[in-house]
Amino acid sequence: MVLQSFTWVTIILCFVHVSAVPITCGLQRRLVDKSHSLLESMSGLFPVECLEHNLPIAFPSSAFKTSETAESGGAEKAAYETLKLIDTLFANDSMPTSWNNLEDFQDIIYRQIEESECIMSKTQSSQEDSPARNATLKMYFDKIATVLKEKESSDCAWEVVRKEILYTLKFILQSSNYLI
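Everything numeric in this text was worked out from a predicted model, so none of it was measured. Along each chain, the written sequence defines residue order, and numbers are assigned to residues from 1. Local features in this predicted model are restricted to residues of pLDDT 70 or higher, and side-chain atom pairs are both shown and tallied only at a pLDDT of 80 or more, whereas totals for entire chains, interfaces and linings draw on every residue. The side-chain figures draw on all heavy atoms in the structure; neither hydrogens nor water molecules are used.

Novice: Would you mind showing me how to read the packing of aromatic side chains here?
Specialist: Each aromatic ring pair is characterised by the separation of its centres together with the angle its planes make. To pair, rings of Phe, Tyr and Trp, with the six-membered ring standing in for Trp, must have centres within 6.5 Å; the planes then decide the type, stacked if under 30 degrees apart, edge-to-face if over 60, and tilted in the middle. Applying the stated rule across the entire model yields ten aromatic pairs. Here the aromatic rings of Phe59 and Tyr140 are separated by 5.5 Å at their centres, their planes lie at 90°, and the arrangement is edge-to-face. One end of the pair, Phe59, is in the loop between helix H2 (29–41) and helix H3 (73–89); the other, Tyr140, is in helix H5 (residues 130–150), and 81 residues separate them in sequence. As far as the burial class goes, Phe59 and Tyr140 line up, both buried. Note on Phe59 and Phe171: the rings are 5.0 Å apart at their centroids and 55° apart in plane angle, and the pair reads as tilted. In this pair, Phe59 sits in the loop between H2 and H3 while Phe171 sits in helix H6 (residues 155–174), placing the two residues 112 residues apart along the sequence. An identical accessibility class is assigned to Phe59 and Phe171; each is buried. The helix count covers DSSP runs of H or I at least four residues long, the strand count covers runs of E at least two residues long, and both are numbered beginning at the N terminus. Throughout this description, buried means an accessible area under 20% of the type-specific maximum (1.4 Å probe, protein chains only), exposed means over 50%, and partly exposed covers the range between.

Novice: Would you explain the packing of H3 against helix H4 (residues 102–115) in this entry?
Specialist: The geometry of a pair of packed helices is captured by two quantities: the angle between their axes and the separation between those axes. For helices, the fitted axis covers only the stretch in contact; all axes are lines through C-alpha atoms, and the angles between them, taken along N-to-C directions, range from 0 to 180 degrees. Running from N to C, H3 and H4 point in directions that differ by 145°, and their axes come no closer than 9 Å. H3 and H4 meet at a crossing whose hand is left-handed. The residues of H4 that touch H3, namely those facing Tyr80, Leu83, Lys84, Ile86 and Asp87, are Phe105, Ile109, Gln112 and Ile113. Of the residues belonging to the contact of H3 with H4, the class tally is six nonpolar, one polar and two charged. Crossings are sorted by hand: turned counterclockwise from the far helix by less than a right angle, the near helix makes the crossing left-handed, and turned clockwise it makes it right-handed. Throughout, a contact is declared for two residues whenever any of their heavy atoms are within 4.5 Å. Polar here means any residue outside two lists: the nonpolar Ala, Val, Leu, Ile, Met, Phe, Trp, Tyr, Cys and Pro, and the charged Asp, Glu, Lys and Arg; Gly therefore counts as polar.

Novice: Any chance you could explain the state of the cysteines here in plain terms?
Specialist: A covalent bond between the sulfur atoms of two cysteines is referred to as a disulfide. For this text, the term disulfide refers to a pair of cysteine sulfurs within 2.5 Å. If you walk through the whole model with that rule in mind, you get one disulfide. A disulfide bridge connects Cys50 with Cys156, and the sulfur atoms are separated by 2.1 Å. Negative torsions about the S-S bond denote left-handed disulfides, and the value of about -70° found for Cys50 with Cys156 makes this one left-handed. Of this pair, Cys50 sits in the loop between H2 and H3 while Cys156 is found in helix H6, placing the two residues 106 residues apart along the sequence. A relative accessible area of 14% places Cys156 in the buried class.

Novice: Sorry, what's going on with the environment of Gly74 here?
Specialist: For Gly74, the position within the fold is in helix H3. It is 9.6 Å that separates the C-alpha atoms of Gly74 and Lys122, two residues lying 48 residues apart in sequence.

Novice: So what exactly am I meant to see when it comes to the pattern of salt bridges here?
Specialist: Any two side chains of opposite charge can pair, so long as their charged atoms come close to each other. We define a salt bridge as a side-chain nitrogen of Lys or Arg found within 4 Å of a carboxyl oxygen belonging to Asp or Glu. Applying the stated criterion across every chain yields a total of five salt bridges. The salt bridge partner of Glu81 is Lys84, with a shortest N-O separation of 3.6 Å. Taken together, the residues span about one helical turn, with Glu81 and Lys84 both in helix H3 at a distance of three residues. Given the relative accessible area of 33%, Lys84 is considered partly exposed. In this structure, Arg111 and Glu115 form a salt bridge, with 2.8 Å as the shortest nitrogen-oxygen distance. Highlighted residues: Arg111 and Glu115, both in helix H4, separated by four residues, approximately one helical turn.

What is shown is where atoms sit, not what they do.
Below you can see the structure in the form of structure tokens.
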């Protein structure tokens, strides 16, 4: 009787464990949306005193483009790489102390990276150009990092970073028909 009860408990625990594993591999819209909301609420509108630091940085939307006949794997991988680059950018210790919810934002970005790592193991089609996409994204984030470095990680430089990352996350959310 004890062995039979133990067997049933083991079967139930195995079922619960298997059903808790995510079935799909991809970014979760709700987490990207939460990241965007947290970043947006960290500070108010772009400060007037920072307008002179607000240099235009061209967003690489081409890194997310996909042909209508191709799978969205390349664009999905670009979104994943973008999250990794955001995580790297926010690993800086000199962020504004006045920003609210910063740790929550960083935690959710990290969680998305960990839970979506399987995206990178999806098979590549012969038309996919991940190295070119990654290079384009890296150049964009290098420009953002340069603003931080040149402005010595000032609060205004971080506001420029926040504005750019908000735009990036919004782009991913608006492109959700093929990304998330």
